Amino acid sequence: MPILLVFALIAACLPIDWPEPPLDPARESAIALSGGAVALVLLIAFALRTWVVRTLRREPDRRVEVGRAYGKWRRVLFFLNIGTSAACVLGFGWGWFAQREFLVDWTGKVMPAPFAELAVPLPYFVILFSCWFIYYDAERALHRALWHDSRPFAPRAAYLLHNLRQFALMVMLPVMLIVTQQTLNRFLPETTRSDVYRLASLAVVPVLLLLMPLLMKPLLGLVSMPAGPVRDRLEVVAKRLNFRCTDFLLWPTHGAAVNALIAGLLPRVRYVVFTDRILEDLPPDELDAVFGHEVGHAKHGHIWLYAGFLTLSLSLLAAILIFLEQQLKAAHWTVPDAYKPYETWLLLVPVVMVASYLFVVFGALSRRCERQADVYGCRAVSCADPNCAGHDEATVYPPGGTCLCPSGIRTFVSALERVGDLNGVSMGRKERPTLGELVRGAWAWVRHWLHAPMPRRVAYLRSLIDRPALEPRFQRRLFAFKCLLMLALIAALVALGRHVGWNELYDAL
Ligand SMILES: [Zn+2]
Ligand SMILES: [Zn+2]
């Protein structure tokens, strides 16, 4: 999900001439309409929170039903929040107002203050931060109804900090890069035209990717996993799979997240991260399987593949934009007079292009790689007997994760289902979906553009039990897909680069 949000926020921060407020006096009506809209959605959020808290106080047994309804409404409200913020900027004149309010005098020219762009999406930030505050009580009530006092819920400050940290890393980091670039362009145009600055700004992305693991640690508040049976077990599995990493990290989420992830291109700065809840709630063999999935990403070189794919793709998209610009210039095309006030809206073209490209192409690549990592996760807990009936203490696992057995697949599938259950992803499927389910399905698709939906992942892995020949075929096809994709990107980039001129392209990047 963050990806859509990132692009929406970037779009809001571009120097686009946002429409004027619909009423007079302009400034006052922009403030009143936007403020009113924000207050309205916060009121709805507050009503939801109050309903959850009150219902659970009176009838704690309805916790499952209440939890489900709460989850559904949170999803609906997520879109309502984004829609309301967009309405403020586009319809109520907030964008227009924000661009006129935060100005400074710089060497005789009046221009937006540093980072003033961030005032345009301010309605969204206000809604988001207030919602964390409001929903805290609902989440705590649900947690208490489920666990009573056996598991304490995070204090409010810790809960807010947890959300803030995730938001800073996943959403604000890319947005801030763009905003910083725009600020520098405004105030130090000479510097931003120098070669050193250009090289540096080109290098920022790969350097960030390399250092991301180091950045994640303080930003998300990750700590080294304490010594003990869990860590010992993971280390044994890592050794058996010939996998190296700097450290195993623990992500203290106060039970809010059931997740594991791997970060880092090089073994020297590579971390495998587990949330507190996944370590608590997964049986040891299933934890091995989840760890195997993360190791699979490294073993199959996915992180490198993604980095190469993104570099090539972004360069190619830049080349396409230059190409289009050159074509329009050659045809002496200008914006028709009737649309002149909307000329700056053309800045949205690259944002929409990059967003949809990533959504479609990167989504397709990522879902295939996730399946490959799933298969590796199965192998990580498989024995050498392709017809085995079950595993016990005496089972010997071959080194390197080279075999695939039915019990290994079942272990991984049950880990996947358990993680899905804990995260509230429903596994059941009915014949005819209701409207609510369609909305949920669309939401799941948007949310899981990187991963295929859980039932499909499980169904595929289960099919390997009866038809093991599917696995090598899948690996062959995926290899061909990766090669073709990268070759096509390189070929297109070379062809377009020659056409538009390499210098031109370098300047645009
Ligand atoms: Zn994965
Ligand atoms: Zn086995």
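Residues numbered from 1 in each chain as written. Chains lettered and ligands numbered in written order. Predicted model: local features only at pLDDT ≥ 70, side-chain atom pairs only at ≥ 80, totals over all residues. Heavy atoms only, no water.

**Describing the sheet that holds strand β3 (residues 223–224)**
- What the four strands build is an open sheet, ordered β3-β4-β6-β5; its pairing is mixed. Whereas interior strands pair on both sides, the edge strands pair on one side only; in this sheet they are β3 and β5 (260–263).
- Bridge count for β3 against strand β4 (residues 247–251) is two bridges, and the pairing is antiparallel. Its bridge partner being in β4, valine 223 is matched across the sheet by leucine 250.
- Together, β3, β4 and β6 (271–275) form the strand contacts of helix α9 (residues 229–240), whose direction differs from that of β4 by roughly 140 degrees.
- Set on the sheet, helix α11 (residues 284–299) makes contact with β4, β5 and β6; between it and β5 the angle comes to about 25 degrees. (Pairing = 2+ DSSP bridges. Helix = DSSP H or I, 4+ residues; strand = E, 2+ residues; numbered from the N terminus. Contact = heavy atoms within 4.5 Å. Axes fitted to C-alpha atoms, helices over the stretch in contact; angles between N-to-C directions.)

**Notes on a positive patch on the surface**
- Positive charge collects at one region of the surface, where Arg467, Arg473, Arg476 and Arg477 lie side by side.
- Inspection of the secondary structure puts arginine 477 in helix α17 (residues 470–500). (Patch = residues over 30% accessible without salt bridge, like charges linked within 9 Å, V, L, I, M, F, W, Y side chains within 5 Å. Areas by Shrake-Rupley, 256 points an atom, 1.4 Å probe, with all protein chains shown as cover. Salt bridge = Lys/Arg side-chain N within 4 Å of Asp/Glu carboxyl O. Lys, Arg positive; Asp, Glu negative; His and termini not counted. Charge placed at Lys NZ, Arg CZ, Asp CG, Glu CD.)

**Considering the coordination of the zinc ion (ligand 2)**
- For the zinc ion (ligand 2), the protein coordination sphere consists of Cys383 (SG), Cys388 (SG), His391 (NE2) and Cys405 (SG), at 2.0 to 2.3 Å.
- Coordination at the zinc ion (ligand 2) is tetrahedral: its four donor atoms span angles of 102 to 116 degrees at the metal.
- Here the donor residues of the zinc ion (ligand 2) share one chain and are spaced in sequence as C-x4-C-x2-H-x13-C.
- The class of cysteine 383 is buried, set by a relative accessible area of 7%.
- With relative accessibility at 27%, the residue histidine 391 sits in the partly exposed group. (Donors = N, O, S within 2.8 Å, 3.2 Å for Na, K, Ca; no water. Tetrahedral: all angles 85-135°; square planar, octahedral: opposite > 155°, others 65-115°. Buried < 20%, exposed > 50% of the residue type's maximum accessible area, 1.4 Å probe, protein only.)

**Thoughts on the pattern of salt bridges**
- On inspection of all chains with the given rule, the structure shows 16 salt bridges.
- Here arginine 74 makes a salt bridge to glutamate 139, at a shortest N to O gap of 3.2 Å. Pair noted here: arginine 74 is in helix α3 (residues 63–90) and glutamate 139 is in helix α5 (residues 122–147), with a separation of 65 residues, a long-range link.
- Residue glutamate 139 is classed as partly exposed on the basis of its relative accessible area, which comes to 24%.

**Quick notes on empty space enclosed by the protein**
- One pass over the structure, following the stated rule, counts one cavity of 30 Å³ or more.
- If you add up the space inside the largest cavity, you get close to 40 Å³.
- Lining the largest cavity, in full, are Phe153, Ala154, Tyr159, His162, Thr253, His254 and Ala256.
- Across the lining of the largest cavity, the residue classes break down as four nonpolar, three polar and no charged.
- Formed jointly, the lining of the largest cavity draws a minimum of three residues from each of two domains, domain 1 (2–177) and domain 2 (223–308 + 316–425 + 437–508). (1 Å grid on protein atoms, 1.4 Å probe; cavity = no way out; pocket = protein on both sides within 12 Å on 5 of 7 lines; lining within 4 Å. Points joined across faces, edges and corners; volume = space filled by probe spheres on them. Nonpolar A, V, L, I, M, F, W, Y, C, P; charged D, E, K, R; others polar. Domains from an automatic or database assignment.)

**Concerning helix α1 (residues 2–13)**
- With twelve residues, α1 extends 16 Å from end C-alpha to end C-alpha; this agrees with the ideal 16 Å at 1.5 Å per step.
- All of the buried residues in α1 are Leu5, Val6, Phe7, Leu9, Ile10, Ala11, Ala12 and Cys13. (Expected span 1.5 Å × (residues − 1).)

**Topic: the nonpolar core**
- Judged by nonpolar contacts, the single largest core of 80 residues is most densely connected at Leu9, Phe167 and Val175.
- No other element matches α5, which puts 13 residues into this core.
- Counting residues domain by domain, this core receives three or more from each of domain 1 (2–177) and domain 2 (223–308 + 316–425 + 437–508).
- When residues no more than four places from it in sequence are discounted, the contact partners of phenylalanine 167 are Leu5, Leu9, Phe125, Leu128, Phe129, Trp132 and Met172. (Core = buried A, V, L, I, M, F, W, Y, C linked by side-chain atoms within 4.5 Å.)

**Things to note about the packing of aromatic side chains**
- Counted by the stated rule, this structure contains 17 aromatic pairs.
- Pairing tyrosine 306 with phenylalanine 362 gives two aromatic rings, centres 5.0 Å apart and planes at 75 degrees, and the pair type is edge-to-face. Here tyrosine 306 is found in helix α12 (residues 302–330), whereas its partner phenylalanine 362 is found in helix α13 (residues 348–380), with 56 residues between them in sequence. Neither tyrosine 306 nor phenylalanine 362 differs from the other in exposure class; each is buried.
- Taken together, the aromatic side chains of Phe125, Phe129, Trp132 and Phe167 make up a single cluster linked through ring pairs.
- For arginine 371, the ring lying beneath its charged end belongs to tyrosine 460, and the centroid distance is 3.7 Å.
- Just above the ring of phenylalanine 474 sits the side chain of arginine 371; from NZ or CZ to the centre is 6.0 Å. (Phe/Tyr/Trp six-rings, centres within 6.5 Å; stacked < 30°, edge-to-face > 60°. Lys NZ or Arg CZ within 6 Å of the ring centre and 35° of its normal.)

**Thoughts on the coordination of the zinc ion (ligand 1)**
- Ligation of the zinc ion (ligand 1) by protein atoms is provided by His293 (NE2), His297 (NE2), Glu370 (OE) and Glu370 (OE), these donors lying 2.1 to 2.8 Å from the ion.
- Expressed as a motif, the donor residue spacing for the zinc ion (ligand 1) is H-x3-H-x72-E. Here glutamate 370 lies in helix α13 and histidine 293 lies in helix α11, a separation of 77 residues in the sequence.

By themselves, these observations are geometric and do not establish any function.
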